[in-house]
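Here is what each chain is made of, one letter per residue.
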Amino acid sequence: MIYYKNCPICKNKNLLIIKKNFFIEYSKKSYYLCKCSKCYHVFVKNPPNQNCITKYYKKKFWNDKIIINNEDINWKKILNKTPGSVERYFRATRQYKFISKYIKDKKKRILDYGSGYSPLMFIFKKKKFENLHVFEYDQSIIKYLRTQGINNYNKKKNKFDLICLSHVLEHVLDPVRFIKSLKKNLHKKTLIYFDVPFQDYKEQFSENCHLHFFSKRSMQILFKEFKLIDYNIEIHGFLDRFLLKIFFFFYKKFFFEKGKKITNPSIILKYTHKIWIYIKNISFSNINIFISRKDFYGIFIPQ
Ligand SMILES: [Zn+2]
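About the thresholds
Residues numbered from 1 in each chain as written. Predicted model: local features only at pLDDT ≥ 70, side-chain atom pairs only at ≥ 80, totals over all residues. Helix = DSSP H or I, 4+ residues; strand = E, 2+ residues; numbered from the N terminus. Contact = placed C-beta atoms within 7 Å. Axes fitted to C-alpha atoms, helices over the stretch in contact; angles between N-to-C directions. Parallel < 35°, antiparallel > 145°, perpendicular 65-115°, else oblique. Left-handed = near helix turned anticlockwise from the far one by under 90°. Nonpolar A, V, L, I, M, F, W, Y, C, P; charged D, E, K, R; others polar. Pairing = 2+ DSSP bridges. Buried ≥ 20, exposed ≤ 12 C-beta atoms within 10 Å, placed from the backbone. Right-handed = clockwise from strand over helix to strand, strands pointing away.

Trainee: Can you help me understand the overall build of the protein in this one?
Mentor: From N to C terminus, the protein includes nine helices and 11 strands. Sequence-distant contacts in the protein: of pairs separated by 6 or more residues, those separated by 24 or more amount to 71%.

Trainee: Would you explain the packing of helix α3 (residues 83–99) against helix α4 (residues 119–126) in this entry?
Mentor: Each packed pair of helices is defined by two parameters, the angle between the axes and the distance between the axes. Between α3 and α4, whose axes approach to 8 Å, the crossing angle comes to 50 degrees. Classed by the angle they form, the pair α3 and α4 counts as oblique. Regarding α3 and α4, the two cross each other, and that crossing is right-handed. On the side of α3, the interface is formed by Arg88, Tyr89, Ala92, Thr93, Gln95 and Tyr96, while α4 contributes Pro119, Leu120, Ile123 and Phe124. For the contact of α3 with α4, a count of residues per class yields seven nonpolar, two polar and one charged.

Trainee: Just checking my understanding: could you explain the sheet that holds strand β9 (residues 212–213) for this structure?
Mentor: In a beta sheet, neighbouring strands pair by backbone hydrogen bonds and run either parallel or antiparallel. If you walk across this open sheet you meet the four strands as β1-β2-β3-β9, and the pairing is antiparallel. Of all the strands in the sheet, the pair left with one neighbour each is β1 (15–23) and β9.

Trainee: Please clarify how the sheet that holds strand β8 (residues 186–197) should be interpreted in this entry.
Mentor: Ordered in space as β6-β5-β4-β7-β8-β11-β10, the seven strands form an open sheet in which the pairing is mixed. Of all the strands in the sheet, the pair left with one neighbour each is β6 (151–152) and β10 (226–233). Where β10 lies against strand β11 (residues 295–302), seven bridges are found, and the strand directions are antiparallel. If you follow Lys227 over to β11, its bridge partner there is Ile301.

Trainee: Would you take a moment to explain the environment of Gln95 for this structure?
Mentor: Here Gln95 lies in helix α3. On the neighbour-count criterion, Gln95 (22 C-beta atoms within 10 Å) is buried. Measuring from C-alpha to C-alpha, the distance between Gln95 and Gly298 comes to 9.5 Å, with 203 residues separating the pair along the chain. In contact with Gln95, other than residues within four places in its own chain, are Leu120, Ser166 and Asp195.

Trainee: Which parts of the structure should I look at to understand α4?
Mentor: Count 3.6 residues to each turn of an α-helix, and residues three or four apart come out pointing the same way. Within α4, the full set of buried residues consists of Pro119, Leu120, Met121, Phe122 and Phe124. Against α2 (75–79), α3, β4 (109–113), β5 (131–135) and β7 (160–166) lie the buried residues of α4. Just downstream of α4, Lys128 is the residue with a positive phi angle, here 75 degrees.

Trainee: Looking at this structure, how should I read the pairing of β7?
Mentor: One face of the sheet, then the other: side chains in a regular strand alternate in exactly this way. With six of seven residues buried, β7 lies mostly within the body of the structure. In the sheet, β4 pairs with β7 via three bridges, with the strands oriented parallel. Within β7, the position partnered with Ile110 by the bridge is Leu162. Here β7 pairs with β8 via six bridges, running parallel. Considered in β8, the bridge of Phe160 is made with Leu186. What joins β7 to β8 is helix α6 (residues 175–182), and the crossover it makes is right-handed.

Trainee: Any chance you could explain the pairing of β5 here in plain terms?
Mentor: Across five bridges, the pairing between β4 and β5 is parallel. Pairing of Ile110 across the sheet is with Leu132, part of β5. Considered for its hand, the β-α-β crossover made up of β4, α4 and β5 is right-handed. Taken together, the two bridges between β5 and β6 define a ladder with parallel strand orientation. The residue of β6 that forms the bridge with Val134 is Asn152. Note that the unit made of β5, helix α5 (residues 139–147) and β6 has a crossover that is right-handed.

Right under this line is the structure:
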């Protein structure tokens, strides 16, 4: 079992415990949340072991969110099946807009790491990009995406022009080791797109399977051999904060206090979700309820 005595990103020894009894969805144990005094990285001090993490992402993570029984089902339909997936699709639209400023050639090799059903590759494909790959633990997803013309990550042809790490880094056990392991997939000009939730440990309701919470400084230290060429940290305006407060007031009142979860089936919840998808679609709202509310994203290149 890992028990961090130093910051996993900058190795600083001066750590502050900011939360005891931190809860992780796929484990019954209780965890400590720590903050590094130097790079402001927040992390789980005593994270679950790798086996436990791999097992969760191999089967449970996507299955809890999108279940498909029929492989003939249309890709876009899958991507709009649940309120969470609708929000992911919107996020992918924003990601494409940001990334496509830097990648124009449709023949470039692109990898979506930890893709799930990959709304991002769906959009790249729609925009006529031809060389699209995914890495995903869940084999049923890989099998499905292959039928849609998306390649499975192939170790033999392993250099990419763009690697997308959308909502990946906060889930991995050891981000430093993870970035090292990616090096074999890089050439001199490979773009790396990252996207992580920003300070979601401060939020009342979150997914609770994150082990790392990055600051701008800790992200830059993690990618110390790279150059940050563009980034953004999302902020909520007054109206966004107000709407979120209302949503969560009702969620707390009707669902959480009765020990229910957002993903648990119930008729009221089903209709609430349908209404939410409708509101999200017509308003193009920036607010997310099921996925990360505020993101920190950007592009690195090797230097
Ligand atoms: Zn640190």
